[in-house]
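Fold and contact review
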Amino acid sequence: DGARWADNNPKLHWISVKEKLPCDENNMVIESIKGLALRTKKVVVLLENGYIGIAFMYIIQQHKWNWNTNDTITHWLPIPEPPKE
């Protein structure tokens, strides 16, 4: 499903995690996850194995940023706005 979605949206610009991370963006949100208030940003991700999904980065206190998955993420892009139809 994810691959079909990406194929149907050819104008999408994948960002390499080597170039920039979602946590570098200014529009992070505060979200309560398992009772913790975390700064997050949900994005579309491309995994090393070719899988496309949704993931987010988070930080707890002033420690380092982490992905919410142990899979290797190679690229990401902001979640596009839904159709207005």
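Please read all numbers here as calculations on a predicted model, not as lab measurements. Note on numbering: residues in each chain are counted from 1, in written sequence order. Selection of residues for local features in this predicted model requires a pLDDT of at least 70, selection of side-chain atom pairs for listing and counting requires 80 or more, and totals for whole chains, interfaces and linings are taken over all residues. Side-chain metrics rest on all non-hydrogen atoms present in the structure, leaving aside hydrogens and water.

1. Structural notes on the overall build of the protein
Keep this limit in mind: For the purposes of this entry, the term helix denotes a DSSP run of H or I that reaches at least four residues, the term strand denotes a run of E that reaches at least two, and both are numbered from the N terminus. For every residue, the accessible area (1.4 Å probe, protein chains only) is compared with the maximum for its type, and the residue is labelled buried under 20%, exposed over 50%, or partly exposed between those bounds. Contact between two residues is taken to exist if any of their heavy atoms lie within 4.5 Å; hydrogens are not considered. Method for areas: the Shrake-Rupley scheme with a 1.4 Å probe, in which residue coverage is limited to the protein chains shown.
From N to C terminus, the protein includes one helix and six strands. Put simply, the protein runs from its N terminus to its C terminus through helices and strands in the order α-β-β-β-β-β-β. Counting all 85 residues of the protein, 27% fall into the buried class. If you take every contact in the protein between residues at least 6 apart in sequence, the share linking residues at least 24 apart comes to 50%. Accessible surface, the protein: about 6500 Å² in total, of which carbon and sulfur atoms supply 49%.

2. Re the pairing of strand E6 (residues 73-78)
Spelled out, the test is: When DSSP finds two or more bridges between a pair of strands, those strands are recorded as paired.
As paired elements, strand E1 (residues 15-16) and E6 share two bridges and run antiparallel to each other. Note that in E6 the partner of Ser16 across the bridge is His75. Relative to E6, strand E3 (residues 36-47) runs antiparallel, the two sharing five bridges. Each residue of the ladder has a partner; that of Val45, found in E6, is Trp76.

3. Some details on the pairing of E3
Every other side chain in a regular strand lies on the same face of the sheet, so the side chains alternate between the two faces. Judged from the five bridges that link them, strand E2 (residues 29-33) and E3 form a sheet pairing that is antiparallel. What sits directly across from Val29, in E3, is Thr40. Sheet topology note: the E3/strand E4 (residues 52-59) ladder contains eight bridges and is antiparallel. Pairing of Lys41 across the sheet is with Met57, part of E4. The loop that links E3 with its antiparallel partner E4 comprises four residues; one of these, Gly50, has a positive phi angle of about 95°.

4. As for the side chain of Ser16
Of note, Ser16 is situated in strand E1. Here Ser16 is in contact with Thr74, His75 and Trp76, once residues within four sequence places are set aside.

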